[in-house]
Amino acid sequence: RRRRSASRSRTARRVPEPPPPPPRPTFTVPDIEMLPASQLRMLCMQYNVMPPGAVERGDLLRALAPLAAPAQREATPAKAPSPTVAPNKTFTKGDLDAMPSKALRALCAQRGVLPSGLVERGDLLAALAPLAALG
């Protein structure tokens, strides 16, 4: 009869450790909404949240949504205030040239000189030019 070595018997008795849990998800809901169903299915299997039965893309999204990290709000760069003119304030042609088209359209509407139909920036400037102060 042979005796087993002590080191061999110890290793044979060891129970393998379960695999470590998957790392915490780093995706957000907008991220997963752009993924195809195949990748959503893989994520569901990875995080063990696969819905039972035949599933559609919406089911996969609902299963993954509770795991999603909160969406980070992107810091919107502060826009420089566009030069606007109060309804009763005078303005010069230089003021008009510095204004964006949206402000020109609003000013035309305030002054009652908004051209009808499709209007380009030049049309707005032409409509406001007679109202501009010299300067």
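Residues numbered from 1 in each chain as written. Predicted model: local features only at pLDDT ≥ 70, side-chain atom pairs only at ≥ 80, totals over all residues. Heavy atoms only, no water.

A. Quick look at the overall build of the chain. In terms of helices and strands, the chain carries seven helices and zero strands. Taken from the N to the C terminus, the helices and strands of the chain come in the order α-α-α-α-α-α-α. Here the chain holds 135 residues, and the buried ones make up 22% of them. Of all intrachain contacts in the chain linking residues separated by at least 6 positions in sequence, the fraction that spans at least 24 positions is 40%. For the chain, the exposed area adds up to about 11,000 Å²; of that, 55% sits on carbon and sulfur atoms. (Helix = DSSP H or I, 4+ residues; strand = E, 2+ residues; numbered from the N terminus. Buried < 20%, exposed > 50% of the residue type's maximum accessible area, 1.4 Å probe, protein only. Contact = heavy atoms within 4.5 Å. Areas by Shrake-Rupley, 256 points an atom, 1.4 Å probe, with all protein chains shown as cover.)

B. Molecular detail of the pattern of salt bridges. Under the definition given, this model contains one salt bridge. As a salt-bridge pair, Asp-59 and Arg-62 come within 2.5 Å of each other at their nearest N and O atoms. Remark: Arg-62 and Asp-59 occur in helix α4 (residues 57-64); sequence separation between them is three residues, near one turn of the helix. The partly exposed category is assigned to Asp-59, whose relative accessible area is 26%. When its relative accessible area of 58% is taken as the criterion, Arg-62 is described as exposed. (Salt bridge = Lys/Arg side-chain N within 4 Å of Asp/Glu carboxyl O.)

C. Here's a closer look at helix α6 (residues 101-111). Within α6 the residues assigned to the buried category are Ala-103, Leu-104, Leu-107 and Cys-108. One side of α6 holds all its buried residues, which, seen down the axis, span an arc of 140°. (Arc of directions from axis to C-beta.)

D. Structural detail: α4. Residues of α4 that are buried include every one of Leu-60, Leu-61, Ala-63 and Leu-64, and no others. Around the axis of α4, the buried residues are gathered within 165° of arc, so they sit on the same side. In this structure, the buried residues of α4 make contact with α2 (29-33) and α3 (37-46).

E. A look at unusual backbone geometry. Despite not being glycine, Asn-48 has its phi angle at roughly 60°, a positive value. Its place among the elements puts Asn-48 in the loop between α3 and α4. The exposed category is assigned to Asn-48, whose relative accessible area is 70%.

F. Structural detail: the packing of aromatic side chains. One pass over the structure, following the stated rule, counts one aromatic pair. Seen from their ring centres, Phe-27 and Tyr-47 are 6.1 Å apart, and the 65° between their planes marks the pair as edge-to-face. Placement of the pair is Phe-27 in the loop between α1 (6-13) and α2 and Tyr-47 in the loop between α3 and α4, with a sequence separation of 20 residues. Looking at Phe-27, the relative accessible area reads 9%, which means it is buried. (Phe/Tyr/Trp six-rings, centres within 6.5 Å; stacked < 30°, edge-to-face > 60°.)

G. Just the packing of α3 against α4, in detail. Between α3 and α4, the shortest axis-to-axis distance is 10 Å and the interhelical angle comes to 40°. Overall, the two elements α3 and α4 adopt an arrangement that is oblique. Seen along the crossing, α3 lies across α4 with a hand that is left-handed. Contacts from Ala-37, Leu-40, Arg-41, Leu-43 and Cys-44 in α3 reach Arg-57, Leu-60, Leu-61, Ala-63 and Leu-64 in α4. (Axes fitted to C-alpha atoms, helices over the stretch in contact; angles between N-to-C directions. Parallel < 35°, antiparallel > 145°, perpendicular 65-115°, else oblique. Left-handed = near helix turned anticlockwise from the far one by under 90°.)

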